[in-house]
Amino acid sequence: MLDDKSFMRYSRQLLLEEIGPEGQQKLSDARILIVGLGGLGSPAALYLAAAGAGTLLLADDDDLHISNLQRQILYRSSDTGISKAKLAAEALRALNPSITLHAISDRIPLSAGDELPARPTLVLDCSDNLATRHRLNAWCFSHNLPLITASAIGFHGQLLVLTPPWQHGCYQCLWPDSREPERNCRNSGIAGPVTGVMGSLQALEAIKWICSGRNTAAGQLILFDGLALRWRKLKLTPERNCPICGARHAN
């Protein structure tokens with residue numbers, strides 16, 4: 001039940017037929033794991049906290065570096081050298097003190113024990129390396145959890161929404177090679193607003209899935225060209241020999 005203060009805080013999204021009081025309650029009950037609190041995770045976490053997502057698990061094992069500030073909008077110059085997860089929790093608590101925040105400053109334990117402060121209902125992959133993306137993909141598949149993953153480099157970004165029952169395959173189907181690409185934002189650069197666009201889309205897709213239980217973008221690779229302001233959509237095809245989800249598509 002929403003109190004008067006919550007009705008006022010969320011009044012603009014409560015007017016939306018796709019959200020309304022019922023959707024707002026679903027947002028309040030949601031537990032979202034955000035892995036990576038950089039250029040993607042910053043806007044995603046801000047919008048989810050502002051929307052009233054009930055519990056956010058904020059995972060990042062890095063400390064803030066001055067080179068992060070060009071795109072990681074959660075932080076300030078005086079924050080350098082401090083844990084990103086702790087900084088993010090403080091900033092989001094100031095934005096919306098009614099939500100629950102867990103800062104995870106150590107490398108996230110995606111193991112059999114799954115020692116997380118709370119079991120997530122949805123995962124946002126905002127990481128910056130292929131190894132973490134593959135680990136999250138396998139973990140979400142094994143736990144039947146929706147995964148919204150994004151990446152960005154230069155003026156380009158991509159978004160992929162993966163939801164049970166994985167009829168379109170998984171991230172491993174799209175990118176079976178576990179080797180890191182030669183080009184990354186450290187050696188090729190990144191336009192800050194591109195990470196803002198892709199991280200905001202991750203938050204939007206999360207809100208849509210939480211409120212409706214479905215997502216029209218599921219199974220589509222969405223590509224953004226920031227130079228030409230052009231979008232493309234490609235349909236993901238499951239790989240029968242995929243070591244993660246192949247058994248579901250063998251027949």
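Residues numbered from 1 in each chain as written. Predicted model: local features only at pLDDT ≥ 70, side-chain atom pairs only at ≥ 80, totals over all residues. Heavy atoms only, no water.

1. Considerations on the nonpolar core
Nonpolar side chains in soluble globular proteins tend to be buried together.
At step 1: Grouped together as the largest cluster of nonpolar side chains are 45 residues, with contacts concentrated most on I32, I34, L48, L56, L58 and L124.
At step 2: Per element, the largest residue contribution to this core is 8 residues, and it comes from helix α9 (residues 192–212).
At step 3: Residues in contact with I34, not counting those within four places in the same chain, are G41, A45, L48, L56, L57, L58, A59, L124 and C126. (Core = buried A, V, L, I, M, F, W, Y, C linked by side-chain atoms within 4.5 Å. Buried < 20%, exposed > 50% of the residue type's maximum accessible area, 1.4 Å probe, protein only. Helix = DSSP H or I, 4+ residues; strand = E, 2+ residues; numbered from the N terminus. Contact = heavy atoms within 4.5 Å.)

2. Remarks on helix α3 (residues 20–29)
At step 1: Looking at α3, one finds that the buried residues are G20, G23, Q24 and L27. Each buried residue of α3 sits inside an arc of 105° when the element is viewed along its axis, so together they form one side.
At step 2: Close packing links the buried residues of α3 with α2 (11–14), α4 (41–51) and α9. (Arc of directions from axis to C-beta.)

3. A look at the packing of aromatic side chains
At step 1: Inspection of every chain in the model, using the stated rule, returns 2 aromatic pairs.
At step 2: Between F224 and W231 the ring centres are 4.5 Å apart and the planes differ by 35°, which places this aromatic pair in the tilted class.
At step 3: The exposure class assigned to F224 is buried, which follows from its relative accessible area of 7%. (Phe/Tyr/Trp six-rings, centres within 6.5 Å; stacked < 30°, edge-to-face > 60°.)

4. A few points about the environment of N96
At step 1: With respect to the element layout, N96 can be found in the loop between α5 (84–95) and β3 (100–104).
At step 2: Spatially, the C-alpha atom of N96 lies 26 Å from that of N215, the residues being 119 residues apart in sequence.
At step 3: Beyond its immediate sequence surroundings of up to four residues, N96 is in contact with R9, Y10, A49, A50 and G52.
At step 4: Within the local environment of N96, its side chain forms a polar contact with the backbone oxygen of A49, the two atoms lying 2.8 Å apart. (Polar contact = N/O pair within 3.5 Å; in protein donor to acceptor, adjacent residues only side chain to side chain.)

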